[in-house]
Amino acid sequence: MSRPIRVLVAKPGLDGHDRGAKIIARALRDAGMEVIYTGLRQTPEMIVNAALQEDVQVIGLSILSGAHNAIVPRVMDLLRQKDMTDVKVIVGGIVPDEDAEALKRQGVAAVFQPGASLEAIVTFIRGAVAE
Amino acid sequence: MKTVERQFTTISGVPVEPAYGPEDLHDLDPARDLAAPGEFPYTRGIHRDMYRGKLWTMRQFSGFATPEETNRRYLYLLAQGQTGLSVAFDLPTLMGYDADHALSEGEVGKCGAPVSSLEDMEILFRGIPLGEVTVSMTINSPAAVVWAMYLAVAEQQGVDWQRVSGTLQNDILKEYIAQKEYIFPPPQSMRLVTDTIEFGMRHTPRFNPVSISGYHIREAGSTAVQELAFTLRDGIEYVDWALERGLQIDEFAPRLSFFFNAHSDFFEEIAKYRAARKIWAHVMKERYGARSERSMKLRFHAQTAGCSLTWQQPYNNVVRTALEAMAAVLGGAQSLHTNSLDEAYALPGEHAVTIALRTQQVLAYESGVANAVDPLGGSYFLEKLTLETEAAAMDYIRRIDAMGGMIPAIDAGFPQTEIAAASYRYQREVEAGERIIVGVNRFQSDNQADGQPIELLQIDEASGKHQEAKLAALRARRDNGSVNRALSALKRAAEGTENTMPFLLDAVRAYATLGEICDALRAVFGVYTETPRL
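The rules behind each value
- Residues numbered from 1 in each chain as written.
- Chains lettered and ligands numbered in written order.
- Predicted model: local features only at pLDDT ≥ 70, side-chain atom pairs only at ≥ 80, totals over all residues.
- Helix = DSSP H or I, 4+ residues; strand = E, 2+ residues; numbered from the N terminus.
- Rg over C-alpha atoms; globule rule 2.2 N^0.38 Å.
- Buried ≥ 20, exposed ≤ 12 C-beta atoms within 10 Å, placed from the backbone.
- Contact = placed C-beta atoms within 7 Å.
- Expected span 1.5 Å × (residues − 1).
- Arc of directions from axis to C-beta.
- Pairing = 2+ DSSP bridges.
- Core = buried A, V, L, I, M, F, W, Y, C linked by C-beta atoms within 7 Å.
- Nonpolar A, V, L, I, M, F, W, Y, C, P; charged D, E, K, R; others polar.
- Axes fitted to C-alpha atoms, helices over the stretch in contact; angles between N-to-C directions.
- Parallel < 35°, antiparallel > 145°, perpendicular 65-115°, else oblique.
- Left-handed = near helix turned anticlockwise from the far one by under 90°.
- Right-handed = clockwise from strand over helix to strand, strands pointing away.

Would you take a moment to explain the overall build of chain B for this structure?
If you tally the helices and strands in chain B, you get 21 helices and ten strands. Taken over the C-alpha trace, chain B has a radius of gyration of 23 Å; the compact-globule value for 534 residues is 24 Å, and the two agree within 12%. Principal-axis analysis of the C-alpha atoms gives chain B an extent of 75 × 60 × 45 Å. A buried classification covers 52% of the 534 residues belonging to chain B. Excluding contacts between residues fewer than 6 apart, the proportion of contacts in chain B whose partners are at least 24 apart in sequence is 77%.

This is how it looks when you write it as structure tokens:
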């Protein structure tokens, strides 16, 4: 049997609203994945370093403050610098459609907006890692 | 589609019987448990004539982009008939960082108004007479600093502090529990809160120095009972600290105010507000020996549930908000914020916020619900639910007492993990179709007309640059010698036991920035980091 999917769930930026991040982390764990939750106020550097150390296949970024356009591109840049482009990045939070499209053009695998189901997120991650 | 057996429970999971009657109220003694409106234990409301005497204050929480833009929105809202202001600050301000700090990048003006110095506060209230308008400020960890800025602006306007009226949220305990916007460790934060309570008692008799808040606890996913219990237990903690300081209960308790969520389960919410008043009245009288009725009367602000708003079919949010607001009114709220239909997307636009305000005006002037006090009192169902809510909340309060109070409970992660478990349980129920959310997991629509034709507020990315430029000019213009002297004096006060408020006032008057002041306090108090728990 293949090893479980490893996911880093991270809360970047100054925002402390962690309800969504915690629910996703629990749901992924219940779906059989290994989940590392970083806790709050992680810089892009801290997140990418944690992803490297924990050898994860997926990074989930939870951002509700509207700072996604400042934070996510820096995470993507750092992943490129460290040759970690095989790590899938997904973003969840209050992200307007046009921003979501722009983030995807920069290499984000998926953006989950309010109302996205846990099942859809689990299914997406399984599919993306299997690719 | 799989069929799911219908569950008859409140949104918090409390079972609901098919019907209620007198047999459910054997434990209820109307004279003891309800009394008349305006009479102990105030279950039915704190005023005999309630909204006939004075309607609730319509207070829309607002702030975005820059102090200049936010000031324009305030003038607009006042012109539309709003009766009080409520300031939303951005995340750097809430976390005690200036707009030009590295961690503020991308966050300036996004979730509220940026205020880095007294200059920003002056701009925020330009043309608004602080002796006449009551202002609520949602700020917690750096609340004492921001309040000092506010009092300094009142001073500049020539308004006597004795006349200044409003509310500082300043509830740090629920930050550790739920919203997580903390800077300093709990004991040092509690010292700052106690400083503001003491200072307010002596200098601003019409200002509420703390708004003990369940709103954020509920938004983090708690049940109604958890919201109620943790909030009231936080209140007990503030009272204990103020008494420890040597203040007398009836000197400060009348100015403690509360802030609850108005969630979507109509009767459960009304029961929650009624139980809150009853429990607090008993706590004040029996636990603390308060004699003043004003100490025993729980006054509260309510805000409709942000987490109940949906991204799908956003116009449905107008209906949700109206129902939630009606529960708050039937529950006897003193002031109310109604959310806007577009808030699952962005901060509210002007059109959306106007509809939200109009919703309150329709409730107040057309619906008739404000004509009689506690019109649902005596309903078998509501009275039973009120008793159950009270009993369940008291059970939590006793458990936290047994842990040694709220700070040990927070250290142990108790309220945090209780909330996370409730929030996950609820999400699982939604996922399984046991909880129906219209437009999300039932009655979905592909019709674009149900979707997105709402005009969203865009925060200009130049807001951050504008704030940075103003700060640079301020730092160059001010007398840096007096800034440094004020900051050194503040540090010495923080190291000792003196009240920090006079030192904060001196620092802000010298135009020391929020970040500089918080750095001075960080150096003395240290910073708090939580252990990540799932």
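Got a minute to help me understand the overall build of chain A in this structure?
Broken down by element type, chain A carries five helices and five strands. Going from N to C terminus, chain A has its helices and strands arranged as β-α-β-α-β-α-β-α-β-α. Taken over the C-alpha trace, chain A has a radius of gyration of 13 Å; the compact-globule value for 131 residues is 14 Å, and the two agree within 12%. Referenced to the eigenvectors of the C-alpha coordinate spread, the extents of chain A come out at roughly 40 × 35 × 25 Å. Considering chain A as a whole, with its 131 residues, one finds that 50% of them fall into the buried category. Counted over contacts in chain A with a minimum sequence separation of 6, partners at least 24 positions apart contribute 71%.

Explain the environment of L94 of chain B here, please?
Residue and element names in this part refer to chain B. Take L94: it is sitting in helix α3 (residues 91–94). Counting along the chain gives 46 residues from L94 to N140, while the straight-line C-alpha distance between them is 6.9 Å. With sequence-adjacent residues up to four places away left out, L94 is seen in contact with F89, I139, N140 and E181.

What should I look at first to understand helix α2 (residues 67–79) of chain B in this one?
Note: α-helices contain 3.6 residues per turn, so residues at a spacing of three or four share the same orientation. All names here are of chain B. In this model, α2 (13 residues) spans 18 Å end to end at C-alpha, consistent with the 18 Å of a helix rising 1.5 Å per residue. Among the residues of α2, P67, T70, R73, Y74 and L77 are the ones counted as buried. Axial view of α2: buried residues confined to an arc of 115°, hence all on one face. Against the buried residues of α2 lie β2 (61–62), β3 (85–88) and α4 (118–124). Once α2 ends, the next one or two residues include G81, with phi positive near 100°.

Explain the sheet that holds strand β6 (residues 207–208) of chain B to me, please; I cannot follow it from the model alone.
Overall, parallel pairing links the five strands, which are arranged β2-β3-β4-β5-β6 (chain B) in an open sheet. Strand pairing shows two members of the sheet lacking a second neighbour, β2 and β6 of chain B, which therefore form its edges.

Is there a simple way to think about the nonpolar core in this case?
Generally speaking, soluble globular proteins have nonpolar side chains that are buried together. All names here are of chain B. With 180 residues, the main nonpolar core has A148, M149, L504 and I517 as its most contacted residues. For this core, the element with the highest residue contribution is helix α5 (residues 143–156), accounting for twelve residues. Beyond its immediate stretch of four places on either side in the chain, L504 contacts A144, V145, A148, L490 and I517.

Would you mind showing me how to read the interface of chain A and chain B here?
Chain A puts 29 residues into the contact, and the matching count from chain B is 31 residues. Only α1 (19–30), α3 (68–81) and α5 (118–130) of chain A provide two or more residues apiece to the side of chain A that touches chain B. Looking at the side of chain A that touches chain B residue by residue, the class counts come to twelve nonpolar, eleven polar and six charged.

It is not clear to me how the sheet that holds strand β7 (residues 210–213) of chain B should be interpreted in this structure. Could you clarify?
All names here are of chain B. The strand order across the open sheet formed by five strands is β1-β10-β9-β8-β7, and the pairing between neighbours is parallel. Strands at the two margins of the open sheet, each flanked by one partner only, are β1 (57–58) and β7. By the bridge criterion, three bridges tie strand β9 (residues 300–304) to strand β10 (residues 335–337) in an arrangement that is parallel. Bridge pairing in β10 places A302 opposite L336. Contacts between helix α11 (residues 266–287) and the sheet are confined to β8 (256–262) and β9, with β8 contributing the most and set at about 165° to the helix.

Please clarify how the packing of α11 of chain B against helix α13 (residues 316–330) of chain B should be interpreted in this entry.
Pairs of packed helices are described in terms of their axes, by the angle between the two and the distance that separates them. Residue and element names in this part refer to chain B. Packing of α11 against α13 leaves a shortest axis separation of 8 Å and a crossing angle of 30°. The pairing of α11 with α13 is recorded here as roughly parallel in orientation. Helix-helix and strand crossings are classified by hand; for α11 and α13 the assignment is right-handed. Of α13, the residues touching α11 (which contributes F266, E269 and I270) are L323, A327 and L330. Looking at side-chain class alone, the contact of α11 with α13 contains five nonpolar, no polar and one charged residues.

Any chance you could explain the environment of L173 of chain B here in plain terms?
Following the sequence through the fold, L173 of chain B ends up in helix α6 (residues 173–179). If near-sequence neighbours (up to four positions away) are discounted, L173 of chain B is found in contact with D234, E237 and M406 of chain B.

Looking at this structure, how should I read the pairing of strand β3 (residues 58–63) of chain A?
Two faces make up the sheet, and in a regular strand the side chains alternate between them. Residue and element names in this part refer to chain A. β3 sits mainly inside the fold: six of its six residues count as buried. Side chains of β3 alternate between two faces, with V58, G60 and S62 and I59, L61 and I63 buried alike. As paired strands, strand β1 (residues 6–10) and β3 are joined by four bridges and run parallel to one another. In the sheet register, V7 faces β3, and the bridge partner there is V58. At this point the chain moves from β3, through α3, to the parallel strand β4 (residues 88–93), and the crossover so formed is right-handed.

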